[in-house]
Protein chains: 2
Amino acid sequence: MAAALKFVGLDVGGTTMKAAVVDDYGLAGPSVSLPTEAHRGADVGLETMCETIRRAVAASRLTMTDVAGIGVATPGLMDIKLGIILDPPNLKPWRNVEIPQHIRKVFHKPVAFQNDANAAALGEHWVGAGKGAPSLVLFTLGTGVGGGIIVDGRVLEGEHSHGGELGHLRIDLPDRGRLCGCGRRGCLEAYASATAVVDRAREDQAGYRGPTRLREMLAADDVSGVSAKDVFDVAAQGDLLAQKVVEDTAYYLALGACAVMATVDPEMIVFGGGMTAAGDSFLAKIREYALRFGLAYPASKVQIRFAQLGSDAGFIGAAACARQLVKQG
Amino acid sequence: MAAALKFVGLDVGGTTMKAAVVDDYGLAGPSVSLPTEAHRGADVGLETMCETIRRAVAASRLTMTDVAGIGVATPGLMDIKLGIILDPPNLKPWRNVEIPQHIRKVFHKPVAFQNDANAAALGEHWVGAGKGAPSLVLFTLGTGVGGGIIVDGRVLEGEHSHGGELGHLRIDLPDRGRLCGCGRRGCLEAYASATAVVDRAREDQAGYRGPTRLREMLAADDVSGVSAKDVFDVAAQGDLLAQKVVEDTAYYLALGACAVMATVDPEMIVFGGGMTAAGDSFLAKIREYALRFGLAYPASKVQIRFAQLGSDAGFIGAAACARQLVKQG
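Residues numbered from 1 in each chain as written. Chains lettered and ligands numbered in written order. Predicted model: local features only at pLDDT ≥ 70, side-chain atom pairs only at ≥ 80, totals over all residues. Heavy atoms only, no water.

Labelled according to an unreviewed UniProt entry, chain A appears under the name Glucokinase, originating from Fimbriiglobus ruber. Listed under Sequence similarities (unreviewed entry) in UniProt, the entry text for chain A is "Belongs to the ROK (NagC/XylR) family." (UniProt positions renumbered as here; feature names shortened; annotations may be inferred.)

**Q** Break down the sheet that holds strand E12 (residues 268–273) of chain B for me, citing the residues and quoting the values.
**A** Residue and element names in this part refer to chain B. Spatial ordering of the open sheet is given by E11-E10-E9-E12-E13, a layout of five strands whose pairing is mixed. Of all strands in the sheet, those bounded by a partner on one side alone are strand E11 (154–155) and strand E13 (303–306). Here strand E10 (residues 145–151) pairs with E11 via two bridges, running antiparallel. The residue of E11 that forms the bridge with Ile150 is Val155. Those strands touched by helix H3 (residues 116–127) are strand E9 (135–141), E10 and E11, and its axis lies near 50° from that of E10. Relative to the sheet, helix H8 (residues 240–261) contacts E9 and E12, its axis offset from that of E9 by approximately 150°. (Pairing = 2+ DSSP bridges. Helix = DSSP H or I, 4+ residues; strand = E, 2+ residues; numbered from the N terminus. Contact = heavy atoms within 4.5 Å. Axes fitted to C-alpha atoms, helices over the stretch in contact; angles between N-to-C directions.)

**Q** Account for the environment of Leu62 of chain B, with residues named and values stated.
**A** All names here are of chain B. Position of Leu62 relative to the elements: it lies in the loop between helix H1 (42–59) and strand E4 (67–74). The spatial distance from the C-alpha of Leu62 to the C-alpha of Arg176 is 56 Å, given a sequence separation of 114 residues. Beyond its immediate stretch of four places on either side in the chain, Leu62 contacts Lys6, Val21 and Val57.

**Q** Report on the sheet that holds strand E11 (residues 154–155) of chain A, specifying residues and quantitative values.
**A** Residue and element names in this part refer to chain A. Read from one edge to the other, the open sheet built from five strands follows the order E11-E10-E9-E12-E13, with strand pairing classed as mixed. The sheet terminates laterally at E11 and strand E13 (303–306), the two strands that pair on one side only. Packing against the sheet, helix H3 (residues 116–127) makes contact with strand E9 (135–141), strand E10 (145–151) and E11, and its axis sits at approximately 50° to E10.

**Q** Can you explain the pairing of E9 of chain B? Please cite residues and give values.
**A** All names here are of chain B. Extensive coverage of E9 is indicated by the burial of six of its seven residues. One ladder, built from seven bridges, connects E9 with E10; its direction is antiparallel. Across the sheet, residue Leu136 finds its bridge partner in E10, namely Ile150. Between E9 and E10, which pair antiparallel one after the other, the connecting turn spans three residues. With six bridges joining them, E9 and E12 adopt parallel strand pairing. The partner of Leu136 across the bridge, within E12, is Met268. (Buried < 20%, exposed > 50% of the residue type's maximum accessible area, 1.4 Å probe, protein only.)

**Q** So, the domain arrangement of chain A: which residues are in play, and what are the values?
**A** Residues and elements named next belong to chain A. Partitioning chain A into structural domains gives domain 1 (6–123 + 312–328) and domain 2 (132–307). A separation of 27 Å is found between the C-alpha centroids of domain 1 and domain 2. Counting residues at the interface gives 14 residues for domain 1, matched by 19 residues for domain 2. Across the domain 1/domain 2 interface, buried area totals approximately 1200 Å², and carbon plus sulfur atoms make up 49% of it. Three residues stand out in domain 1 for area buried against domain 2, namely Lys81, Asn118 and Ala121, and they jointly supply 37% of the buried area on that side. Run the count over domain 1 and domain 2 and you get one salt bridge. A salt bridge links Lys81 to Glu159, with the shortest nitrogen-to-oxygen separation between them at 3.8 Å. At the boundary of domain 1 with domain 2, the tally comes to four residue pairs in polar contact (both at pLDDT 80 or more). Elements represented by at least two residues in the side of domain 1 that touches domain 2 include exactly strand E5 (78–79), strand E8 (111–115), H3 and helix H11 (313–328). Per element, the largest residue contribution to the side of domain 1 that touches domain 2 is five residues, and it comes from H3. (Domains from an automatic or database assignment. Buried area = accessible area lost by both parts, 1.4 Å probe. Salt bridge = Lys/Arg side-chain N within 4 Å of Asp/Glu carboxyl O. Polar contact = N/O pair within 3.5 Å; in protein donor to acceptor, adjacent residues only side chain to side chain.)

As C-alpha cells, this is what we get:
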C-alpha cells in the first residue's frame, strides 16, 4: 500500500514564517520557524520560504520526494489567482512578488497559494473547530481583524481575492464610525482588533471615576504596554471598566457575525486569535447579542465557537490548500 | 437529434404567480399568470401552482412529456433543503407547506425549490445582466429589499436557507438605526425599500422650507399614494427634496454593496426591482459611494449594473434551478 500523501504548509507572517509537513488526515509533523525579515527584500524572503519548507520536511524525517504538494499562505493584499503578493503592509518592501511560481520552480511540486486568514479558516474546517461542518466563517482577532469563509469545503476567495475581508465589514455609518487603519470609518477592525480593544479602554476610562485596576495599568503605561489580553484578564478578575470593554467587544463581534449570517449563513462561526483566551463567557455574550440583533432563524441555529488550532491554523490550512490542489486538480 | 431540454419555471408571489416554459438556452415561452389568493389556503395555492404550470406548458404548445423538470420559487422564510415554506408574511395563512413534494407527486418530474430572490439572481446570472459572470450578487428593491448570491454559477443558499438575506444587512448600529419590518434596527431594508424611500421623503421635508413638487405630492397624499417611483421621477425633474432622498438611497445601497464586497467579493453587483427606472445616474452615484466607502481593490473592479430580466427573473431563475437539478443531479 502506498504511503498516505504528505503536504507542506507554510504560513508567512510579518515577523516569522512557520511550516510543517501535514499528512492526508491533517496530522502535522514538527513545525519549524524562521524570521521573515521582510526588510531584507523579496528575494531573501523567497529563499527563506524555501529554506523553511526544506527544514519542515527534514524535521519530519522526510525528503522532498515524499511531498505531494506545497501550500503557502501570506498576509495582506494579494491576487490569489495570479499568485502575487501586491503590497502587504506587514511585509514591506515586498511588492508584486510572485510567490507560488518561485516555490514551484525550486521544488517542482504543485504549489497552492492563499491568503493567511482564508487558509486558517480552511485549517479549522479540516481538522479544527469546524471539522465536519459544511460551511464555516472564521474571524481572526489580532493586530487587525481577519476573516475567512468556507462554503462546501472550499475557500470563498472572491473574484478580486477579497472574499472574507471581515475586518472591513462596516458596523457603523462611515461618517461617524471609528477610524480604521484602512482609512475608512466604521470597520469592525476599528472596534474589535487587539489595538482597538485597548484604545476603547483608554477612551472609556472617563466613565469610571473610581480607581480600577485597568485604569491604573493604563495610567502607568508608557506607550503601549497594556494589551488586549490584559483587558480580558482584569475583566475576569472583576474590573468594571475592563468588563465594559469586553462586553462591547462581544457586541461588535456579534454585529460582524450578523452580517455574515445575512450573506453566507454558515453552519458555524469561529473566533480565533488573541481573544480565544477570553473563555466561554465571552462566547456566550457574542451568542446573546447575535440572537438579539441577528436574523432569528440562522441566529438560533448557527454554532458559535472558538478556534482550536491556535497559530498552527495557518500552515495546516496552507497544507489543506495544497491537498485540494493535488486531489481536485 | 433530440429536442433541447425544456423546463417550467414558476414564480409564486404574494398577489400573482407566473410561469413559463424556458428552454436549455434560457429562452422563455409565453408566460401565464394566475392570482395567488393565499387567503384561500395552501391546498388551493398548491392546486393553483399546478394549474399555472399546466397553462404555461400549453401556452408553449407543449405537453408535460416535453418537460424535463420544474422549478418553483417562493417568497419569505423557508427551508430550502426540506422543501418547506415556513411562515411567509405575504402568503398568509400558509405555514409549513411542502411545495416541491406536492408538485413532484402531481407531475412525476424532478422539481427544484428556491427562494424567489435567489432564483431571480440565478436568472440574471443565466441570461440577464450577469450572463457570463463567474459570480453575482443581486439586490431586489421592492416593498422590501431582497437579495441573492451566485458563486461559481450556483445559489449560495446558506446552511439555514438565509444566504443572501441582504435586506437585513445592517448599515447602522442597532440602537439607533431605522426600524425595520423585521423588528430590528439598522437593516438596509429600513433605508432602501420602496416604502422606506417614501418614508424618508416625508421625514426629510422639514429640511426643505420652500415649496417642492414632492412636498406638494406628500401633502396632497391621503395615505400612501406617493410611490418610490414618484420620488425618483420628480428627482429627475429637478426637485431638490427628491434629489436628496435619491442621493441618500444610493448611499445606503452602496453601504450594502460594500458589505457584499467584504464578504463575497463578487464579479458583479446587480440592482433589480423598482429602482431600475432610476437610470444610469443613480447607478453612477452608487458606484461613487462604493468607491469612497468600500475596500479600494474590489470597489474599483466590481461591476455595478441594473438587472435586465424585470419581473421575468423569478420564473427564468426557477427554470434555471430545475435545469441545474436535472443536469447536475
